[in-house]
Amino acid sequence: MKNTLNAIFKSAASFLASPVKRRLLFIAILGVIALVEFFVLGLARRTFVFYNVDDGVIVVEDRMLKHSKSKEEDIIRYTEETLLGPVSPELLPLFPRDTKLKTLMYRNRVVYADFTESAALSSVEGGSVFDSFRTLYEGISRNFSYVKDIRFYIEGNAVFLHPEEQGL
């Protein structure tokens, strides 16, 4: 038993004597730790869209959000994270800063989301109300392929995004 342990320690010492092998081992250990953390925390990459301060062009941010067993909860987290605004200071939020998500339901592949009344106001920093809702619509559609349609409401009143709904 003692000879076996001595052999293991000698081979480990000779392996770690090389700086290249030592670095590769540390990279491998960090990779394993990152994978374990990823699977334990259950993070999922989500794409967020915001406006650029200088020219109003749409800019994409990627964030890692905790994945849950509920599709509805995932969409709620995404929507609330969108309402928080961009991480980068040179990007503009889609909605006024005090806009909150009142309720969100996911039923029969359709999302129903109701926002506070401040969502009806044009953001001082961002674009128009309909552009903001259209951008959020596209973001939810892009990140959650199982969603067939999205219905937005402000204090219970429907926000019309589709031309066929507006009679156009």
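For the structure, check the block above.
So, here's what we can say about the structure. For clarity, every value in this text was computed on a predicted model and none was experimentally measured.

Parameters and conventions
Residues numbered from 1 in each chain as written. Predicted model: local features only at pLDDT ≥ 70, side-chain atom pairs only at ≥ 80, totals over all residues. Heavy atoms only, no water. Helix = DSSP H or I, 4+ residues; strand = E, 2+ residues; numbered from the N terminus. Buried < 20%, exposed > 50% of the residue type's maximum accessible area, 1.4 Å probe, protein only. Contact = heavy atoms within 4.5 Å. Areas by Shrake-Rupley, 256 points an atom, 1.4 Å probe, with all protein chains shown as cover. Patch = residues over 30% accessible without salt bridge, like charges linked within 9 Å, V, L, I, M, F, W, Y side chains within 5 Å. Salt bridge = Lys/Arg side-chain N within 4 Å of Asp/Glu carboxyl O.

## Observations regarding the overall build of the protein chain
Per the secondary structure count, the protein chain includes four helices and seven strands. Helices and strands in the protein chain line up, N terminus first, as α-α-β-β-α-β-β-β-α-β-β. Classification of the 168 residues of the protein chain by burial places 35% in the buried group. Long-range contacts, defined here as pairs at least 24 residues apart, represent 55% of the contacts in the protein chain between residues at least 6 apart. Per element, the accessible surface of the protein chain, about 10,800 Å² overall, is 61% carbon and sulfur.

## Focus: unusual backbone geometry
Most of the time, phi is negative for any residue but glycine, and the peptide bond is trans. If you check the backbone angles, R109 has positive phi at about 65 degrees while not being a glycine. By the secondary structure assignment, R109 is in the loop between β4 (101–107) and β5 (110–115). Residue R109 is classed as partly exposed on the basis of its relative accessible area, which comes to 46%.

## Points about a nonpolar patch on the surface
Taken together, the side chains of M1, L5, I8 and F9 present a nonpolar region at the surface, about 490 Å² in accessible area. Positionally, M1 belongs in the segment before α1 (2–17).

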